[in-house]
Amino acid sequence: MDTNEHEHVIEVTDLRRVYGGGFEAVRGISFRVDRGEVFALLGTNGAGKTSTVELLEGLAPPAGGRVRVLGHDPYAERAVVRPRTGVMLQEGGFPSELTVAETARMWAGCVSGARPPREALSLVGLEGKAGVRVKQLSGGERRRLDLALALLGRPEVLFLDEPTTGLDAEGRRETWELVRSLRDGGTTVLLTTHYLEEAEDLADRLAILHEGRIAAAGTPAEVTTAQPSRISFELPHGYFMGDLPPLDELGVCGHEVEGSVVRLRTRELQRAATGLLAWAERAGVELRRLDVRSASLEEAFLGIAREAAGSVEAAETIEEHVA
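Conventions we followed
Residues numbered from 1 in each chain as written. Predicted model: local features only at pLDDT ≥ 70, side-chain atom pairs only at ≥ 80, totals over all residues. Heavy atoms only, no water. pLDDT = per-residue confidence, 0-100. Helix = DSSP H or I, 4+ residues; strand = E, 2+ residues; numbered from the N terminus. Contact = heavy atoms within 4.5 Å. Patch = residues over 30% accessible without salt bridge, like charges linked within 9 Å, V, L, I, M, F, W, Y side chains within 5 Å. Areas by Shrake-Rupley, 256 points an atom, 1.4 Å probe, with all protein chains shown as cover. Salt bridge = Lys/Arg side-chain N within 4 Å of Asp/Glu carboxyl O. Buried < 20%, exposed > 50% of the residue type's maximum accessible area, 1.4 Å probe, protein only. Polar contact = N/O pair within 3.5 Å; in protein donor to acceptor, adjacent residues only side chain to side chain. Core = buried A, V, L, I, M, F, W, Y, C linked by side-chain atoms within 4.5 Å. Pairing = 2+ DSSP bridges. Axes fitted to C-alpha atoms, helices over the stretch in contact; angles between N-to-C directions.

Trainee: Explain the confidence of the model for the protein chain residue by residue, including any values.
Mentor: In the predicted model, the protein chain carries a mean pLDDT of 90, and 92% of its residues have values of at least 70. Across the protein chain, the element-wise mean pLDDT spans from 47 in helix α12 (residues 312-322) up to 97 in strand β4 (residues 64-69). Scored below 50 in pLDDT, residues 311-319 makes 10 contacts in the model with residues more than four places away or belonging to other chains.

Trainee: Now, about a nonpolar patch on the surface: what can you tell me, with residues and values included?
Mentor: Among the surface-exposed residues, Leu277, Leu290 and Val292 lie close enough to one another that they form a single nonpolar patch of about 230 Å² accessible area. In this fold, Leu290 is placed in strand β13 (residues 288-293). Taking the relative accessible area as the measure of exposure, Leu290 reaches 36% and is therefore partly exposed.

Trainee: Explain the side chain of Glu156 to me, using residue names and the numbers behind them.
Mentor: Residue placement: Glu156 occurs in the loop between α5 (139-150) and β6 (157-161). Only 2.8 Å separates the side chain of Glu156 from the side chain of Arg84, close enough to count as a polar contact.

Trainee: Which residues make up the nonpolar core, and what values go with them?
Mentor: Counting residues in hydrophobic clusters, the biggest one holds 44 residues, and the most contacted among them are Leu42, Leu121, Leu145 and Leu160. Counting residues in each nonpolar core, the second largest holds 25 residues, with Ala25, Leu55, Val69 and Val81 among its members.

Trainee: Could you give me a rundown of the sheet that holds strand β2 (residues 24-34), with the residues and numbers involved?
Mentor: The 3 strands lie next to each other as β2-β1-β4, forming an open sheet whose pairing is antiparallel. Looking at the sheet topology across the chains shown, the edges are occupied by β2 and β4. The average undirected angle you get between the axes of adjacent strands in this sheet is 15°. Alignment of strand β1 (residues 8-18) against β4, held across 5 bridges, turns out to be antiparallel.

This is the structure:
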């Protein structure tokens, strides 16, 4: 392979995509993906994820900026790039009357150096469905077939657009294990997903898109630690917020009260939790429904989206989408 000189398998610089009527779906984003890395693009519907991935796949030229995949322009040099990449779209368009095996064989005939179709089907757990017609597959099984066909060419770079949509919990976990094994074998993976747990579990690094721009990027840990941790509990009977130690002394940066339930936000979780529990011990009270947790990727996602949206209404829409 001649990619050894390219540490960054995917390089995106000030990328823009504009649709008819002047709608700018991607507004000058930049990121890179290293060899053997899983990189996740997150964002709500309309954030620009699929528009970005289509440019990386060479399906359209960018309106501005620069894209390089394996050191080449994926649109202008598509004949060079395409044989070395695998693509799993959000929806496949397979002939419904063909069997799974026939579909895999047909696809293999279009791929240079294809692995045996039976091997590709085995990777995604579809070997037992080889004789079943595509129209008889469940939605989750069709997603597995999508993935099997993307793997036929032993790709150096794999694009996965919502790869586990429609899969049950077991199928999702099996797909995660497959993606990890591909990464460990040196395949570079770029995926989009609405499942934040999936991104947190799989991605080496990620970027969160909002309205065509990158709102945050880094490792999952780097993105989550930028958000405050949370402590929630129920105030003991007869106690009020004023009875607690001063919140600034606990390192609390914000709080909400709903009935008797108190929610604290802090960037110093150990300090806040220790001070709160020490107060409860001195007061001889029990903090019921006590919940202490670091920020999750979902909380970071929602927090970033609120800041980027700049309005409670937009944040509520994002929360509904994540739910």
